[in-house]
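The primary structure of each chain is shown beneath.
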Amino acid sequence: MKKRDFLKTSAILTMGAMITPLVGCEDNTPKQEPKTTEEAPKKTMVFELPELGYAFDALEPHIDARTMEIHHDKHHAGYTKKFNKALEGSDWAGKPLEEILAGLQDNEADLGLRNNGGGYYNHSLFWKVIGPNKGGEPTGELAAAITQTFGSFENFSTEFKDAAKTRFGSGWAWLVKDANGKLAVADTANQDNPLMSGIVGQTGTPILGLDVWEHAYYLNYQNRRGDYINAFFNLINWEEVAKNLAAI
Ligand code: MN3
């Protein structure tokens with residue numbers, strides 16, 4: 001295919017070269033575009049839509065298959081595509097994801113990277129911290145850290161659920177490790193996240209995230225966000241959350 005495209009391009013270039021002197025129009029001069037795409041390998045790191053890691057229906061009855069399919073294949077795919085597009089030609093192209101998000105500012109110029117880079121990162125984390133046959137409570141160091149910060153797992157779940165319920169409109173609830181090495185619950189609007197230290201108030205490294213956009217639950221739960229949040233607790237992959245904490 002590539003070779004054929006190249007041959008086609010060459011043919012057009014040759015034709016262009018032949019036609020140009022005849023028509024005498026400068027705008028018909030072939031631009032260098034076909035050549036540069038052929039020669040210059042893209043330095044831009046292209047972010048790819050990660051696999052879910054389980055079937056769309058694997059989280060039922062807590063999250064229905066149709067919601068998972070649309071959420072992953074349409075919403076997350078859309079953020080991924082638009083993020084890569086926004087990175088093209090920007091100073092952030094080729095930089096690590098976390099560095100990009102931490103460097104964004106609360107201004108019009110960064111809005112595309114903020115919404116789509118956030119959407120890319122947030123959903124990539126989300127699919128991994130939930131899974132079939134999960135839920136329950138954390139163990140080991142994570143359990144100890146939660147107890148140390150919140151007093152008990154119950155207190156933590158109450159605080160996290162409240163953050164998720166009271167986040168007005170679209171957004172996310174988070175469990176983060178902050179700059180002082182302490183766990184904290186946070187919530188952010190839209191596709192912002194606590195890595196965006198130039199934008200959000202509560203900063204830290206997310207180890208658990210919950211999407212409370214209506215697209216995450218509306219088909220099955222309609223306006224009952226609280227029921228969706230409770231269902232999420234039956235899906236949390238605490239081993240993965242513990243891994244996230246250990247990796248910081
Ligand atoms: Mn979402």
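Everything quoted here is computed from the prediction, not taken from an experiment.

Parameters at a glance
Residues numbered from 1 in each chain as written. Predicted model: local features only at pLDDT ≥ 70, side-chain atom pairs only at ≥ 80, totals over all residues. Heavy atoms only, no water. Donors = N, O, S within 2.8 Å, 3.2 Å for Na, K, Ca; no water. Helix = DSSP H or I, 4+ residues; strand = E, 2+ residues; numbered from the N terminus. Buried < 20%, exposed > 50% of the residue type's maximum accessible area, 1.4 Å probe, protein only. Arc of directions from axis to C-beta. Contact = heavy atoms within 4.5 Å. Pairing = 2+ DSSP bridges. Axes fitted to C-alpha atoms, helices over the stretch in contact; angles between N-to-C directions.

## Observations regarding the coordination of the manganese ion
Only His71 (NE2), His123 (NE2), Asp211 (OD) and His215 (NE2) from the protein coordinate the manganese ion, and they sit 2.0 to 2.1 Å from it. All donors of the manganese ion come from a single chain, and their spacing in sequence reads H-x51-H-x87-D-x3-H. Of this pair, histidine 123 sits in helix H5 (residues 111-129) while aspartate 211 sits in strand E3 (residues 205-211), placing them 88 residues apart in sequence. The residues histidine 123 and aspartate 211 share a single accessibility class, namely buried.

## Some thoughts on helix H10 (residues 238-246)
Among the residues making up H10, those that are buried are Trp238, Glu240, Val241, Asn244 and Leu245. The arc that holds every buried residue of H10, seen down its axis, measures 155°, which confines them to one face. Seen from the buried face of H10, the exposed residues on the opposite side, beyond 90 degrees, are Glu239, Lys243 and Ala246. Residues of H10 that are buried in the fold lie against H5, helix H6 (140-150), helix H7 (153-166), strand E1 (171-177), strand E2 (183-189) and E3.

## Structural notes on the sheet that holds E1
The three strands lie next to each other as E2-E1-E3, forming an open sheet whose pairing is antiparallel. Each edge of the sheet is formed by a strand with only one pairing partner; in this case those strands are E2 and E3. Within this sheet the neighbouring strands show an average axis-to-axis angle of 25°, counted without direction. Across six bridges, the pairing between E1 and E3 is antiparallel. Directly across from lysine 177, in E3, lies its bridge partner threonine 205. Relative to the sheet, H6 contacts E1, E2 and E3, its axis offset from that of E2 by approximately 80°.

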